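A structural walkthrough
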Amino acid sequence: MRQILDAAARHGRLLLIVGLAAGIAAPDLALAAKRWIPELIAAMLFLAALRIGPKQALGAARDLGRSVGGVLVGQLALPVGFAALCLAMGWTGPLPTALTLMLAACSISGSPSLTIMTGHDPAPALRLLIVGTALLPLTVLPVFLVSPALGSGTEIVGAAGRLLAVILAAVAGAFIFRALLPREPSPSAIRSLDGMAAILMAVVVIGLMSAVGPAIYGDPRGLAFNLAVAFAANFGLQLLGARLARRFVGKDAAPAFGIVAGNRNIALFLTALPPATTDPLLLFIGCYQIPMYLTPLLLGRYYARVSRDG
């Protein structure tokens, strides 16, 4: 088993691409995995917190001001501004709702791993993940208030409460479990955790592809449009985030800030919002996973340039 997990950790990037392909090619498999997405996402949060540990989490949060500032810009100012613009323009429907939720979401739990895959320091991504996840129940409330399509005030409080419950249960459970261990996890144990996380991420992305496979034949124009918007939104935020971080934070942290800016855990809202709200968004959410997991392959050279002197 350890050899399998080590292999999954070493070839995590390939495993994620295999998950994308499997979800698109096998719609029945994607539908089966879709039913377990909330539990799988909670498990991913648990593994991420277990790998980090409370001591490392506290140490990684030393630069709290920059992390909080980045989160407030990315998870509060951007989505509130976008939602207000959509409201003023009268732009409604699944796409603006999906984009609003994407901007309001915290970083994906795999952002430190994606940063490692590009060859850069994952510590800033880790800080942003911790702070962004902790502040999400607070930053998401103004976004829901500005965007009527997300529900009434009661639904907002309920959704934020469920999000907070998922986050706290996963993180607290992981920290308690780690405190009961007789020693710190060894490098081989860390690799095993990375392997389990890669496998879980691959299964999650299979489920998130449930709307993509059928759309290839049933709605190819809608698929192409959502895929183009997903690439533009994801990569556009990454390019902008990395450039701004290079200027205001530093070149060493720029890749991590860029990766976090574009790769948001929009799937986390599937654990909190009703299916009537999330089902029309699944095509965009599925398309959004494709640039996410292609980030190390397609933007690796860009991040190498943005982190260099000059």
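Scroll up for the structure.
Residues numbered from 1 in each chain as written. Predicted model: local features only at pLDDT ≥ 70, side-chain atom pairs only at ≥ 80, totals over all residues. Heavy atoms only, no water.

1. Structural notes on the overall build of the chain
Counting its regular elements, the chain contains 16 helices and zero strands. Taken over C-alpha atoms, the radius of gyration comes to 18 Å for the chain, in line with the 19 Å a tight globule of 310 residues would show. C-alpha atoms of the chain, sized along the principal axes, occupy 55 × 45 × 45 Å. In the structure as shown, the chain presents an accessible area of about 14000 Å², 69% of it carried by carbon and sulfur atoms. (Helix = DSSP H or I, 4+ residues; strand = E, 2+ residues; numbered from the N terminus. Rg over C-alpha atoms; globule rule 2.2 N^0.38 Å. Areas by Shrake-Rupley, 256 points an atom, 1.4 Å probe, with all protein chains shown as cover.)

2. Details of the packing of aromatic side chains
Where two aromatic rings form a pair, the distance of their centres and the angle of their planes describe that pair. Following the criterion strictly, the structure yields five aromatic pairs and no others. Considering the side-chain rings of Phe-46 and Phe-177, the 6.5 Å spacing of their centres and the 55° angle between planes classify their relative orientation as tilted. Taken together, the positions of Phe-46 in helix 4 (residues 37-60) and Phe-177 in helix 9 (residues 153-180) put the pair 131 residues apart, joining distant regions of the chain. The exposure class of Phe-177 is partly exposed, given its relative accessible area of 43%. An angle of 75° between the planes, with centres 6.2 Å apart, marks the rings of Phe-82 and Trp-91 as edge-to-face. Take Trp-91: its relative accessible area is 37%, and that puts it in the partly exposed class. (Phe/Tyr/Trp six-rings, centres within 6.5 Å; stacked < 30°, edge-to-face > 60°. Buried < 20%, exposed > 50% of the residue type's maximum accessible area, 1.4 Å probe, protein only.)

3. Remarks on the packing of helix 5 (residues 64-89) against helix 6 (residues 94-104)
For the pair helix 5 and helix 6, interaxial distance at closest approach is 7 Å and the crossing angle is 160°. One element, helix 5, and the other, helix 6, form an angle in the roughly antiparallel class. Between helix 5 and helix 6 lies a crossing of left-handed hand. The residues of helix 6 that touch helix 5, namely those facing Gly-74, Gln-75, Leu-78, Pro-79, Phe-82, Ala-83 and Cys-86, are Pro-96, Leu-99, Thr-100, Leu-103 and Ala-104. (Axes fitted to C-alpha atoms, helices over the stretch in contact; angles between N-to-C directions. Parallel < 35°, antiparallel > 145°, perpendicular 65-115°, else oblique. Left-handed = near helix turned anticlockwise from the far one by under 90°. Contact = heavy atoms within 4.5 Å.)

4. A look at the pattern of salt bridges
Counted according to the given criterion, the structure contains four salt bridges. Across the pair Asp-279 and Lys-34 runs a salt bridge whose closest N-O atoms are separated by 3.8 Å. Here Asp-279, found in the loop between helix 14 (275-278) and helix 15 (282-293), pairs with Lys-34, found in helix 3 (residues 27-34); they are 245 residues apart in sequence, far enough to count as distant. The exposure class assigned to Asp-279 is partly exposed, which follows from its relative accessible area of 41%. For Lys-34, a relative accessible area of 29% gives the class partly exposed. For the salt bridge of Arg-51 with Asp-194, the shortest nitrogen-to-oxygen distance reads 2.5 Å. In this pair, Arg-51 is assigned in helix 4 and Asp-194 in helix 10 (residues 187-208), connecting sequence segments 143 residues apart. Taking the relative accessible area as the measure of exposure, Asp-194 reaches 23% and is therefore partly exposed. (Salt bridge = Lys/Arg side-chain N within 4 Å of Asp/Glu carboxyl O.)

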